[in-house]
Amino acid sequence: MSRTYVITGSASGIGQATADKLKSLGQKVIGIDIHNADVIADLSTPQGRIDAAKKTIEISKNSIDAVIACAGLAHPTAKTVSVNYFGVTEFLNEILPTLTKSKTPRVVITSSVASIMPNSTELVDAMCANDEAKAVAIAQSLVDAAAGGEQLIYASTKRAISRWIRQQCLKPQWAAAGIPINAVGPAIVETPMVDQLIKTPEEREGLAKLVPMPLNGFMEPETVAALLIWLTGIQNTHVTGQTIYIDGGFERIVRGEDIWAWKK
Ligand code: NAD
């Protein structure tokens, strides 16, 4: 039976590959993006998120079964905080009442392996406290300082969104409503976001050294799409609160073998 999937960031990369695959499987897809989408919206602003949700609910005729949040920026700017964190959380809050009516509601968000890389604790905490003004101000101060701290912004947004999922997943509006909420944590995916960084063989080699992926190297967006589709499919009845790293082994390199060391 056909289900209705809402995909943010559907105009490019992982979101586009996921939309294409779902459509080929006969599913209904409502794409949201700042260009080339069913719903044109700017998820970096509070009004943009409200408008996006309103229009999406209208087009769906009040029937949404899954949200796949892929819209994102990798720029070392304050706007990245607004899109990658609040553009997900605030948008989902608006969609939740409609999603809850589905018999098989599901949510998945694209986090990143950046979630386990160096970040700004202050910035992560401001996002997790749901304080957009404070988080944007902290990010802007990192940019203004021009001391390299702005490079922590992207990783901070991904740490915060992976934490938000764990903060939310057991709440009645998710768990008791039967809604699994998870993230995927890709390493390097060959999309427009990354293509500009690997134009030459030297740049490609440099990025591969920075983010080693012993199992099969860099990925195509379709590889991540398959996991997003599984996590939002009816078969996912019990996976929740997780960031599933899809990374050719990079997370294993960073966190080591004994991730159970937190409780000896
Ligand atoms: P992409 O740049 O190809 O696609 C991102 C999409 O988000 C674009 O279509 C863009 O227009 C949209 N977007 C950006 N700002 C927006 C806004 N304000 N409102 C609405 N839409 C907006 O990038 P991608 O590689 O497909 O990335 C998708 C997600 O996966 C991102 O969240 C990214 O951080 C994450 N990710 C990517 C990689 C990678 O290596 N490509 C790795 C880990 C995680």
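Please refer to the structure placed before this passage.
Just so we're clear, the structure is a prediction, and the values are computed from it rather than from any experiment.

**Student:** Just give me the short version of the overall build of the protein chain, but keep the residues and values in it.
**Tutor:** Counting its regular elements, the protein chain contains 11 helices and 7 strands. The C-alpha radius of gyration computed for the protein chain amounts to 18 Å, which stays within 12% of the reference 18 Å derived for 264 residues, consistent with globular compactness. Expressed along its principal axes, the backbone C-alpha trace of the protein chain runs to roughly 50 × 45 × 40 Å. Counting over 264 residues, the protein chain shows a buried share of 51%. Pairs at least 24 residues apart make up 75% of the contacts formed inside the protein chain by residues separated by at least 6 positions. Accessible surface computed for the protein chain: about 12,600 Å², of which carbon and sulfur atoms make up 56%. For the protein chain, the separation between the mean place of its 25 positive charges and that of its 26 negative charges on side chains is 8 Å.

**Student:** I'd like to hear about the packing of aromatic side chains, residue by residue, with values.
**Tutor:** Inspection of the entire model under this criterion finds 2 aromatic pairs. Seen from their ring centres, Y85 and F86 are 4.8 Å apart, and the 75° between their planes marks the pair as edge-to-face. By the burial criterion, Y85 is buried, and F86 matches it. Ring centres of W164 and W174 lie 6.3 Å apart, and the angle between their planes is 85°; this geometry places the pair in the edge-to-face category. With W164 in helix α6 (residues 153-168) and W174 in helix α7 (residues 172-176), this pair connects stretches of sequence that are 10 residues apart. This pair shows no difference in class: W164 is buried, exactly as W174 is.

**Student:** Can you tell me about helix α1 (residues 13-24), naming the residues and giving the values?
**Tutor:** Taking 1.5 Å as the rise per residue, α1 with 12 residues should run 16 Å; its terminal C-alpha atoms sit 17 Å apart, in good agreement. Buried residues of α1: G13, I14, G15, A17, T18, A19 and L22, and no others. Buried residues along α1 sit in contact with β1 (4-8), β2 (28-33), β4 (66-69), β5 (106-110), α8 (192-195) and α10 (221-231). Of the residues trailing α1, G26 is marked for its positive phi of about 85°.

**Student:** Tell me about the packing of helix α3 (residues 79-99) against helix α4 (residues 121-128), residues and numbers included.
**Tutor:** Two elements in contact, α3 and α4, have axes separated by 11 Å at closest approach and are oriented at 45°. On the basis of their axis angle, the class for α3 and α4 is oblique. Crossing geometry of α3 relative to α4 is assigned as right-handed. Residues V81, Y85 and F86 of α3 form the contact with α4, whose participating residues are L123, M127 and C128. Residue classes in the contact of α3 with α4 are distributed as 6 nonpolar, no polar and no charged.

**Student:** Account for the pairing of strand β6 (residues 181-186), with residues named and values stated.
**Tutor:** Within β6, 6 of the 6 residues are buried, which leaves it mostly tucked inside the rest of the structure. Inspection of the sheet shows β5 paired to β6 by 4 bridges, in the parallel sense. Pairing of I109 across the sheet is with A183, part of β6. Note that β6 and strand β7 (residues 243-246) share 4 bridges and pair parallel. Across the sheet, the residue bridging to P186 is I246, located in β7.

**Student:** How would you summarise the site of the ligand if you had to cite specific residues and measurements?
**Tutor:** Around the ligand sit 30 residues, and of these S12, I14, D33, Y154 and T191 come closest. Measuring from an oxygen atom of the ligand, one finds a side-chain N or O atom of S12 at 2.6 Å. In this structure, D33 approaches the ligand through a side-chain N or O atom, which is 2.5 Å from an oxygen atom. When each cavity is represented as a set of grid points, the ligand is found to reside in the largest pocket. Of all the secondary-structure elements, those providing two or more residues to the shell around the ligand are α1, α6 and α8. Looking at the shell around the ligand, the element that brings in the most residues is α8, giving 3 residues. Here the shell around the ligand is composed, by residue class, of 17 nonpolar, 10 polar and 3 charged.

**Student:** Describe the packing of α4 against helix α5 (residues 132-145), naming the residues involved and giving the relevant values.
**Tutor:** Remark: α4 packs on α5, axes separated minimally by 8 Å, with the N-to-C direction vectors making an angle of 160°. Between α4 and α5, the angle is such that the two are roughly antiparallel. Handedness of the α4/α5 crossing: left-handed. Listed contacts from α5 to E122, L123, A126 and M127 of α4 are K134, A135, I138, A139 and L142.

Basis of the calculations
- Residues numbered from 1 in each chain as written.
- Predicted model: local features only at pLDDT ≥ 70, side-chain atom pairs only at ≥ 80, totals over all residues.
- Heavy atoms only, no water.
- Helix = DSSP H or I, 4+ residues; strand = E, 2+ residues; numbered from the N terminus.
- Rg over C-alpha atoms; globule rule 2.2 N^0.38 Å.
- Buried < 20%, exposed > 50% of the residue type's maximum accessible area, 1.4 Å probe, protein only.
- Contact = heavy atoms within 4.5 Å.
- Areas by Shrake-Rupley, 256 points an atom, 1.4 Å probe, with all protein chains shown as cover.
- Lys, Arg positive; Asp, Glu negative; His and termini not counted.
- Charge placed at Lys NZ, Arg CZ, Asp CG, Glu CD.
- Phe/Tyr/Trp six-rings, centres within 6.5 Å; stacked < 30°, edge-to-face > 60°.
- Expected span 1.5 Å × (residues − 1).
- Axes fitted to C-alpha atoms, helices over the stretch in contact; angles between N-to-C directions.
- Parallel < 35°, antiparallel > 145°, perpendicular 65-115°, else oblique.
- Left-handed = near helix turned anticlockwise from the far one by under 90°.
- Nonpolar A, V, L, I, M, F, W, Y, C, P; charged D, E, K, R; others polar.
- Pairing = 2+ DSSP bridges.
- Near = heavy atom within 4 Å.
- Polar contact = N/O pair within 3.5 Å; in protein donor to acceptor, adjacent residues only side chain to side chain.
- 1 Å grid on protein atoms, 1.4 Å probe; cavity = no way out; pocket = protein on both sides within 12 Å on 5 of 7 lines; lining within 4 Å.
- Sits in = over half its atoms within 2 Å of the grid points.

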